[in-house]
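Working through the structure, step by step
The lines below spell out each chain.
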Amino acid sequence: MEIISFVQDKPAARKITIPLFSKRESSIDSAYFGMKPFMGANTFSKRREFFPTELKTFAIKPVTGPFNPRIFLMETGRAVSEFVSLVFENSAKISFFVLSLIIFVMMMIGGYQAYNYFNNFTGPLPIQASDEISLEKLDQLMNDFALEVAADVDESGKIEGAAIPLRSKYSSPVSYQTYKVQSGDTIGGIARKFKLSNVSTLISVNDISNVRQLCAGQKLKIPSIDGIIYTVKSGDSINGIVEKNNISLKQLLDVNDLESEVLTAGQQLFLPGASLDQKTLKTAMGDRFIIPISARFRWSSPFGWREDPIAHVKSFHTGTDLACPTGTPILASMSGKVITTGINRVYGNYVIIDHGNGYQTLYAHMSKIIASKGQWVSQGTRIGLVGSTGYSTGPHLHFTVYKNGKMVNPMLVLK
């Protein structure tokens, strides 16, 4: 009998049952067995079973041995050597496969980019005489909306016509009073009412993030003099603050009623006559717009003089074009009220939003208008979908910005 050993993965021993056979019976027994048909029952009781079976159980265990680092390293080296040999033997085939894969991937990427380019490409389109009339009408409409809002604040926050305060006013401690915003109030109008010369004062003192969010019934703190609030930071010195903001040390001490020049972090100072930097002021005045497309796009045509892509003549482009696939969401660049929506041959489906403070924006060539006339929209609200309606040869958004009745370069107000 032969017992075969084998290696198994599981550590538990497998049980196997093997029958063991006795020695072959004698010749007499064989004779009796052969004479079975002719013998009686008693005769059979005397004979032994030809295949008497006794069950025995063996435990077959896996063949294991202690870990040998030397053998392991030899086997690993042999496998690496065989792999390197295989690579060198098939280097030509492998190189061809890798090169083919790279070319295929590059073709896929190039094809995708080419598809996007041609899908967003604006080509020639014959212009009709009626198109110029439509352009003039819509431009006049934009001018009419823009002129409805009177501008009373310049780029630095100064209120037009306001008297420049005398330095002598900065000799006594600043005082405050409360004002309840009335319907129709503007930040400039409120400042002028209290004889302030710069809107930075109200914005800073009241921590206003966007003046367009002021509403009737809101209460404002009104300081007695122009200036801004400054919070002392760790490491600040009173001399450094004075030099940076171009103010008088004596006035700073008098206005804040300070007896010592020692400052502590977190302390708030009123800086008399100082104003906000232009970036902070623009943000608070709502003069910083977001790009009205959040998906991938390309700038296809800038603001200003250019060769018309359709008529092929020199013309003034009233906005900037953002080329992207049809159906791309168009967002309100700044919060405001939707003044009108409509359609004409030049701008196709369009939306005009009045943002207050002299700003209006136009969104044209939409495939679908989502916003409705009279609706108030927040910055980033979806107002339509990109299309190629009107005077257009490819899907894109035409974006125009008006400030106080005049078109401005959108790139100057976009973040």
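The rules we used
Note on numbering: residues in each chain are counted from 1, in written sequence order. Residue-level local features of this predicted model are given only where pLDDT is at least 70; pairs of side-chain atoms are given and counted only at 80 or more, and the full residue set underlies all totals for whole chains, interfaces and linings. Hydrogens and water molecules were not included; the side-chain quantities draw on all heavy atoms of the structure. By definition, any uninterrupted DSSP run of H or I lasting at least four residues is a helix, any uninterrupted run of E lasting at least two residues is a strand, and each is numbered from the N terminus. In this scheme, a residue with accessible area under 20% of its type's maximum is buried, one over 50% is exposed, and one in between is partly exposed, where area comes from a 1.4 Å probe on protein chains only. Any two residues whose heavy atoms approach within 4.5 Å at even a single point are treated as in contact. Within 6.5 Å between ring centres, the rings of Phe, Tyr and Trp (the latter by its six-membered ring) count as paired, and their orientation is classed by plane angle as stacked under 30 degrees, edge-to-face over 60, tilted in between. Two limits define a charge over a ring: the Lys NZ or Arg CZ must be within 6 Å of the ring centre, and within 35 degrees of the ring normal. Here, strands pair whenever DSSP counts at least two bridges between them. Residues belong to one nonpolar core when they are buried, are Ala, Val, Leu, Ile, Met, Phe, Trp, Tyr or Cys, and are joined through side-chain atoms within 4.5 Å. The pLDDT value expresses, per residue, how confident the predictor is, ranging between 0 and 100. Regarding the arc, it is the one traced by the directions from the helix axis to the C-beta atoms. Here a polar contact is recorded for every N or O atom pair within 3.5 Å, except that within protein the pair must consist of a potential hydrogen donor and a potential acceptor, and residues adjacent in sequence are included only if both atoms are side-chain atoms.

**Comments concerning the overall build of the chain**
Assigned secondary structure in the chain consists of 10 helices and 18 strands. Looking at the 415 residues of the chain, the share that counts as buried comes to 35%. The contacts in the chain between residues at least 6 apart in sequence include a share of 71% that link residues at least 24 apart.

**Some words on the environment of V408**
Position of V408 relative to the elements: it lies in strand β18 (residues 406-408). For V408, a relative accessible area of 22% corresponds to the partly exposed category.

**Comments concerning the packing of aromatic side chains**
Here the structure, examined in full by the defined rule, presents 4 aromatic pairs. Aromatic pair Y179 and F194: ring centres 5.5 Å apart, planes at 75 degrees, arrangement edge-to-face. Residue Y179 is located in strand β3 (residues 176-180), and its partner F194 is located in the loop between α6 (187-193) and α7 (200-205); the two are separated by 15 residues in the primary sequence. The ring centre of Y176 lies 4.5 Å from the NZ or CZ of K221, which sits over that ring.

**A word on the pairing of strand β10 (residues 320-323)**
Where burial is concerned, the two faces of β10 agree: the one with T320 and L322 and the one with D321 and A323 are both buried. Sheet analysis places strand β7 (residues 298-301) next to β10, joined by 3 bridges and oriented antiparallel. Within β10, the residue paired with W299 across the bridge is L322. Bridge count for β10 against strand β17 (residues 396-403) is 4 bridges, and the pairing is antiparallel. Residue A323 lies in a different strand from β17, and its bridge partner there is H396.

**Some thoughts on the nonpolar core**
In terms of nonpolar packing, the biggest core is built from 33 residues, with I187, V199, I203, L271 and M285 touching the most fellow members. When sequence neighbours within four positions are dropped, the list of residues in contact with L271 reads D226, G227, I228, Y230, I241, N245, I247 and L252. Judged by nonpolar contacts, the second largest core, of 22 residues, contains F289, A332, M366 and I383.

**Some thoughts on the confidence of the model for the chain**
For the chain, the mean per-residue pLDDT works out to 76, and 69% of the residues sit at or above 70. Segment residues 1-10 is flagged for pLDDT under 50; beyond a separation of four residues in sequence, or across chains, it makes 13 contacts in the model. Below pLDDT 50 for its whole length, residues 145-150 participates in 14 contacts with residues either more than four positions away or in separate chains.

**A look at helix α8 (residues 238-245)**
The set of residues buried in α8 consists of I238, I241 and V242. In a view along the axis of α8, the buried residues occupy a sector of 100 degrees, so they form one face of it. Turned more than 90 degrees away from the buried face of α8, the exposed residues are E243 and K244. In this structure, the buried residues of α8 make contact with β5 (227-231), α9 (249-255) and β6 (268-272). Phi turns positive one or two residues past the end of α8, at N246, with a value near 55 degrees.

**Considerations on helix α10 (residues 278-285)**
For α10, the set of buried residues is L281, A284 and M285. The buried residues of α10 occupy an angular sector of 95 degrees when projected down its axis, which confines them to one face. Residues of α10 that are buried in the fold lie against α6 and α7. Between a side-chain oxygen at the N-terminus of α10 and the backbone nitrogen of K279 the separation is 3.2 Å; the capping residue is D277. Residue G286 follows α10 closely and has a positive phi angle near 75 degrees.

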